Each structure stands twice: as structure tokens, then as C-alpha cells.
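Working through the structure, step by step
This is what each chain is made of:
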Amino acid sequence: MTKFNAVSQELLDELRRIVGEKGVTTDPEKLDTYKTDEEGNPYWFTTPEVVVFPKTTEEVAAVVKLANKYLVPITPRAAGSGVACGAIPVHHGIVMELDRMDKIITIDPDNMYAVVQTGVRTSVIQQEVKQHGLLYAGDPCSADSCQIGGNIATNAGGNKAVKYGTTRNQIYGMKIVTPTGEIVDVGARLQKCSTGYCLEQLICGSEGTLGIVTEATLKLRPLPPHKFDLVAIFKNDDQGFALPNKILKAGIEPTSIEYMDNKALTMCSKFCKVTLPHIEEGCCYVIITVETFDPDELDKKMEKISDLCDAMGAVDVIQADDRIWGCRRQFAEAARDIDIMYAAEDFVVPLEKIPEITGKLPALEEKHNIFAVTSAHIGDGNIHVLPLNKDGISPEDWLHKLQDFHKDLFAEVYALGGKMSGEHGIGYKKLHDFKRCTPPGELQLIKAIKRALDPNNILNPSKIIDLDDE
């Protein structure tokens, strides 16, 4: 079993020599702000003993070496916008806050790439490259608040993943600090590579357990000048769920296909103080975005999608204006306004299984006496079900209710060939669910990698897997 030490005065003195007096805090009030990420259930909260704020890769490496020397765990932290307790310091120790590393180092518009530090906000990258007529295609709904380092850590997805893929597909390479404090560059700015292990892909999605990303080289793409957003409105959810495959088989490459059930639309329209058409009739929305470089092609695709929607039984097809996109982007905040302890499920299934898994949700919600709202990236099979603690039960009782719900829900998801997370990650919150649902051979491979790269179990221990849980 890993035995970590408490943070000593000697360690604090050495940390201050590395990052400076202002780069270290042990102030109780400030430490309290790092006890959670976006998790609202106090059951999970854990306060660190110290928070450090490095400015350079070299400072990060020096701190990691110190952590190994003193056997004190490090929890890397970006913007703290995660929802899987991935940035919660469950073993106390050191929180490494990376938001001071916030520089865009290079934007090369001719060769279409950018080099950025880990603490740059995703929306800032999007805005800066847009001025060069380029697109950074990573687009999580939290883009205004999240940072690129956190996106890489969780392999964040978002609204454009149907066309462009997740964060993993936006990365050429990265500079990392290994769990033992070495500085290593992984990946390269190449279109293809079969030279050894694909380490940048391994690090992406590893949730800070295999290395701390300090810089990333990002792929940029030409920004399509023409775009339309349609909303297909259905009275029957299954009609909407059948639409993505119809669109893809028609040869139309959408940028995004988003779904909101009627409960989500009602909740979000109230939160955003807007009126949305047809929601009082119990309808759901499917929001479709298409981008092109040719206006004639855009018109043809828009007409074809409208015809497909009509053929699928849509009661209306309208433009997706700022009201509708505002409601979609504020989905999580609207849920938080009702219940700060809301749970953000993000399981993923094959496209054709979406109607089957969503069809099982009402019975599961009734069985566990849970009220939930649903939105989804149905173009890639990623379903967001948000259970809400509307009855105000205690944090511990709510936790147990969710654990029982997960046992049934994830059993159904995995039976359909799905996984429990499409973009949020496992973190600490789904640690035991992941162990229960993952085949033993796969779990042992993951543990073997962690042991090999992090022999002292220093980096983000008890996230994804627990090495002490043999």
C-alpha cells in the first residue's frame, strides 16, 4: 500500500525556493477553494496541504522531483472545470495549479499549427486563431472556462467532435513532465508516424496520472466561411435518435448533432429566461450544424437535411438561433442552479444503440426514484444524463442513490458495447464503477503502465485506477 507523507516545513521551504514565495500558499482560506472541482457534493471534498503555482516547465519538473523525494502526492489542476473529481486532492498533499502557464507561444497560420502552454483557456485559443482565418476544433461546452491542459487530460470532446474528433485528434505533440520529474517531448508535427509507441495519445486522456502537460502543439484547420444551424423538432425521441445515421449515410458531414429532451429544454429555457417553440407540446430538439467552403453546397446540404427531417416525422424545422444554442451551452449551469449536487453522466454507446439505452432510462429513473434531464452529442453517441437531487436528501444518501443507479445504468451501457465516459473521464468519482465494469486483463494493463511510469504513485493517485486496490 502506498504510504504518503505529510507536507513538512522542510518541503515547504524547498517549494518556495523553486517557485518563489508568491508561488506557494498554505493559507487555509485559499486552500479551501481547491477542495473540489465542479463537484458539488461535499462528500467528495478534500483539502490540500499546499498549493503551488509554477510558471515554467522546469519549475513543474523540480516540484515533481521534490514530491518523489518526500513521498508527497501531487494533484495537477487546470481550471477545475471537471466533473469527475479528477482535480480533487483525495490524498491531500500538493495541488499544482497551472493557470500561470497561460501563454500562446506560436501561431503559424501558413503551416496551420499553434504551440500553447497548458493554462491557456480553450476559448482564447479559438479566438486568437480565428483572427488568422483558422479553426481550433476542440470545442467543449465549457470552452469559456476550461484550459487546454485539462482538455488534454480528459480527452475532452464537445460539440464539434462528430466532424473533427475529440481533443486527442487536435494534438500533434506535447511537452510533459513525467511522474519522476523528467522533461520529455512526445509526438511530432507530422501527418503520420509509425515510429515506436504513440505516447502523446497515451498521455491524452490519462487525467494527470502519467504526466503533467506543460505545452501542446495543436492542429489548426481552415475556418469554413459558410454555416447553418437547424433545429429539427420531434414529438417522439426515437425519431430524433434515428437522424444521425440518416445524415451520415446521405454523405453529409455535419459539424455537430446535438439532442435535448423536453425536460432539459424546459429547465434551460427557464434558466436562460427565453421562450422556445413547441416545448409545451412535449417535444425534443435535434440541433444540426453544417459548415462548408461553398455557399451552393451549403444550400444543397441544408435542403437535404430539411427533407430528411420531414421524412423522419419532424413537426417543425427551424433555424437554431442564439436562444437555442444558449440553452444547449447552459445545460450544466441550469442543472446546477436547481441542484449543486447534480451528477453529470456522460456514457457513450454505438449510434444505433442510442434509442435502446435511452429507452431504458425512464424505468431506471423510476426504480431509483431519480429525476434526470438529458442532452446528448448524438452524432457520436455521447449521452449526458444529469440526475438532480430535487428532494434535497443528504449528501451521503444522494451518493448511495447514485451508486445504485450506476450499477444498473452502466450494466446496460456495457451490454450494448458502450463505455461509462465519452469525454468527462473517470477521475475519483467513477473509480469503483470503472473497476467493476472493466475486463480484468484490460485493468491489469492500465495498472502496469501506471506502475512503470509512476513507481512512487505520486501523480494524481486514486484517479482512474487505485494501485492499492488489489
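This is a predicted model, so every value here is computed, not measured.

Turning to the environment of P455, a few remarks are in order. Assignment of secondary structure puts P455 in the segment after α17 (440–453). When its relative accessible area of 57% is taken as the criterion, P455 is described as exposed. With 322 residues separating them along the chain, P455 and G133 place their C-alpha atoms 45 Å apart.

You will see that M112, though not glycine, has its phi angle at about 55°, which is positive. Structurally, M112 can be placed in the loop between β5 (104–108) and β6 (113–117). Positive phi, close to 70°, is recorded for I464, a residue that is not glycine. When you line up the elements, I464 lands in the segment after α17.

If you check which residues of helix α12 (residues 322–329) are buried, you get I324, W325, C327 and R328. In a view along the axis of α12, the buried residues occupy a sector of 155°, so they form one face of it.

Now for helix α13 (residues 331–338). Along α13, the residues that are buried comprise F331, A334, A335 and R336. Those residues of α13 hidden inside the fold are in contact with α10 (262–272), α12, β16 (371–377) and β17 (382–388).

Per the UniProt record, the feature "domain: FAD-binding PCMH-type" (unreviewed entry) sits at residues 43–223. Between the end C-alpha atoms of residues 43–223 there is a gap of 44 Å, over a span that is 22% helix and 25% strand.

The subject of this paragraph is the side chain of D261. If you trace the backbone, D261 turns up in the loop between β13 (256–260) and α10. For the buried D261, no salt bridge is present, and the opposite-charge side chain at shortest range is K263, 4.8 Å distant. Ignoring any residue separated from it by four or fewer positions in sequence, one finds D261 in contact with C284, V373 and T374.

What follows deals with the sheet that holds strand β3 (residues 74–77). On the basis of which strands lie adjacent, the open sheet formed by 4 strands has the order β1-β2-β4-β3 and mixed pairing. Pairing within the sheet leaves two strands with one partner each, and these edge strands are β1 (24–25) and β3. For β3 and strand β4 (residues 94–97), the ladder comprises 4 bridges, and the chain directions are parallel. Directly across from P76, in β4, lies its bridge partner M96.

Reading across the sheet, the 5 strands line up as β5-β6-β10-β8-β9 and stay open at both edges, with antiparallel pairing between neighbours. In this open sheet, the two edge strands, each paired with only one partner strand, are β5 and β9 (183–187). If you compare each strand with its neighbour and ignore which way they point, the axes differ by 15° on average. Here β5 pairs with β6 via 4 bridges, running antiparallel. From the neighbouring strand, T106 faces β6, where its bridge partner is V115. Along the sheet, helix α4 (residues 122–130) contacts β5, β6 and β10 (212–219); its crossing angle with β5, the most-contacted strand, is approximately 35°.

Let's shift gears to the nonpolar core. Counting residues in hydrophobic clusters, the biggest one holds 50 residues, and the most contacted among them are L243, V286 and I288. Residue contributions to this core peak at 6 residues, all from helix α15 (residues 395–415). Each residue touching I288, except ones within four places of it in the same chain, is listed here: F228, D229, L230, A232, L243, I247, P254, S256, I257, I305 and C309.

Across all of its chains, the model carries 0 disulfides by this definition. With no disulfide partner, C141 has as its closest neighbouring cysteine sulfur the one in C146, 9.7 Å distant. Free cysteine C284: the closest other cysteine sulfur is in C283, separated by 7.1 Å. Taking relative accessible area as the criterion, C284 reaches 0% and is therefore assigned buried.

On the surface, a cluster of negative charge is contributed by D294, D296, D299, E303, D307 and D310. Looking at D310, the relative accessible area reads 48%, which means it is partly exposed.

What counts, and where the lines are drawn
Sequence order as written defines the numbering, with residues in each chain counted from 1. Per-residue local features of the predicted model are confined to residues with pLDDT of at least 70, and side-chain atom pairs are confined, for both listing and counting, to 80 or more; whole-chain, interface and lining totals are unaffected and use all residues. With hydrogens and water excluded, all non-hydrogen atoms of the structure serve as input to the side-chain values. Secondary structure elements are taken from DSSP: a helix is a run of H or I of four residues or more, a strand is a run of E of two residues or more, and numbering for both begins at the N terminus. To sort residues, take the accessible area from a 1.4 Å probe on protein chains only and compare it with the maximum for the residue type: under 20% means buried, over 50% means exposed, and anything in between is partly exposed. Arc definition: it is the arc formed by the directions from the helix axis to the C-beta atoms. We call two residues contacting when some pair of their heavy atoms lies within 4.5 Å. UniProt positions are given in the numbering used here, feature names are shortened, and annotations may be inferred rather than shown by experiment. When charges are tallied, Lys and Arg are placed among the positive residues and Asp and Glu among the negative ones, while His and the ends of the chain are skipped. Each salt bridge in this description consists of a side-chain nitrogen of Lys or Arg and a carboxyl oxygen of Asp or Glu lying within 4 Å of one another. For two strands to be treated as a pair, DSSP must find at least two bridges joining them. Think of each axis as a best-fit line through the C-alpha atoms, taken over the contacting stretch in the case of a helix, with angles from 0 to 180 degrees between the N-to-C directions. Only buried Ala, Val, Leu, Ile, Met, Phe, Trp, Tyr and Cys residues count toward a nonpolar core, and they belong to the same one when joined by side-chain atoms within 4.5 Å. Cysteine sulfur atoms that come within 2.5 Å of each other are treated as a disulfide pair. Each patch is built from residues that are more than 30% exposed by relative accessible area and take part in no salt bridge. Like charges join if they lie within 9 Å; nonpolar side chains (Val, Leu, Ile, Met, Phe, Trp, Tyr) join within 5 Å. Accessibility throughout is a Shrake-Rupley quantity obtained with a 1.4 Å probe, and a residue counts as covered only by protein chains that appear here. The atom standing in for a charge is NZ when the residue is Lys, CZ when it is Arg, CG when it is Asp and CD when it is Glu.

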